[in-house]
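# Chain and residue survey
So you can see what is in the structure, the chains are spelled out below.
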Amino acid sequence: MGKSGLQGSLPASLSKLSQLTFLGLNEDQLTGSIPDAAWATGMASLQFLELSRNQLTGSCPAALLAQTRLRKLD
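Summarised in this report is the structure supplied together with it. Just so you know, these numbers come straight off a predicted model, no measurement behind them.

About the criteria used
- Each chain carries its own residue numbering, running from 1 in the direction its sequence is written.
- Selection of residues for local features in this predicted model requires a pLDDT of at least 70, selection of side-chain atom pairs for listing and counting requires 80 or more, and totals for whole chains, interfaces and linings are taken over all residues.
- By convention in this description, side-chain values take in all heavy atoms of the structure and omit both hydrogens and water.
- Put simply, a salt bridge is a Lys or Arg side-chain nitrogen that is within 4 Å of an Asp or Glu carboxyl oxygen.
- Secondary structure elements follow DSSP: runs of H or I of four or more residues count as helices, runs of E of two or more count as strands, with numbering from the N terminus.
- Note on exposure labels: buried denotes an accessible area under 20% of the residue type's maximum, exposed denotes more than 50%, and partly exposed covers the range between, all computed with a 1.4 Å probe on protein chains only.
- In this analysis, strands are considered paired if DSSP registers two or more bridges between them.
- Stacked, edge-to-face and tilted are the three classes for Phe, Tyr and Trp ring pairs, Trp counted by its six-membered ring, which pair at centre distances within 6.5 Å; planes under 30 degrees apart are stacked, over 60 edge-to-face, the rest tilted.

## A few points about the pattern of salt bridges
What the rule picks out here adds up to 2 salt bridges. With a closest N to O distance of 3.1 Å, glutamate 27 and arginine 53 form a salt bridge. On the criterion of sequence distance, the pair formed by glutamate 27 in the loop between strand E2 (22-24) and strand E3 (29-32) and arginine 53 in the loop between strand E4 (48-50) and strand E5 (55-56) is long-range, its members being 26 residues apart. Exposure remark for arginine 53: the relative accessible area of 54% places this residue in the exposed category. The partner of lysine 72 in a salt bridge is glutamate 50, with the nearest N and O atoms 3.1 Å apart. Placement of the pair is lysine 72 in strand E6 (residues 72-73) and glutamate 50 in strand E4, with a sequence separation of 22 residues. Residue classification places glutamate 50 among the buried residues on the basis of a relative accessible area of 15%.

## Focus on the sheet that holds E6
The 3 strands are arranged E2-E4-E6 in an open sheet whose pairing can be described as parallel. Each edge of the open sheet is held by one strand with a lone partner, namely E2 and E6. Both E2 and E4 contribute to a ladder of 3 bridges, which runs parallel. Looking at E4, one finds that leucine 23 is bridged to leucine 49.

## A short note on the packing of aromatic side chains
Across all of its chains, the model carries 1 aromatic pair by this definition. On the numbers, 6.4 Å between centres and 45 degrees between planes, the contact of phenylalanine 22 with phenylalanine 48 is tilted. Highlighted residues: phenylalanine 22 in strand E2 and phenylalanine 48 in strand E4, separated in sequence by 26 residues. We classify phenylalanine 48 as partly exposed; its relative accessible area is 31%.

Pasting the structure below:
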């Protein structure tokens, strides 16, 4: 297990955390892709996202890259 103890898919339910500004899930065992719909609808306050050193696949969703408040993406 990694730093936060998460493994498997990145939960789409994170999009319900609409006031979240920092999400650090680096060095875990996350797999699969980043769910596009989750980032488009619920993560408007996100400023810092750390997902490095996981086993994520696919490209970075356009909805995530379009976040106007996002300052750091790792």
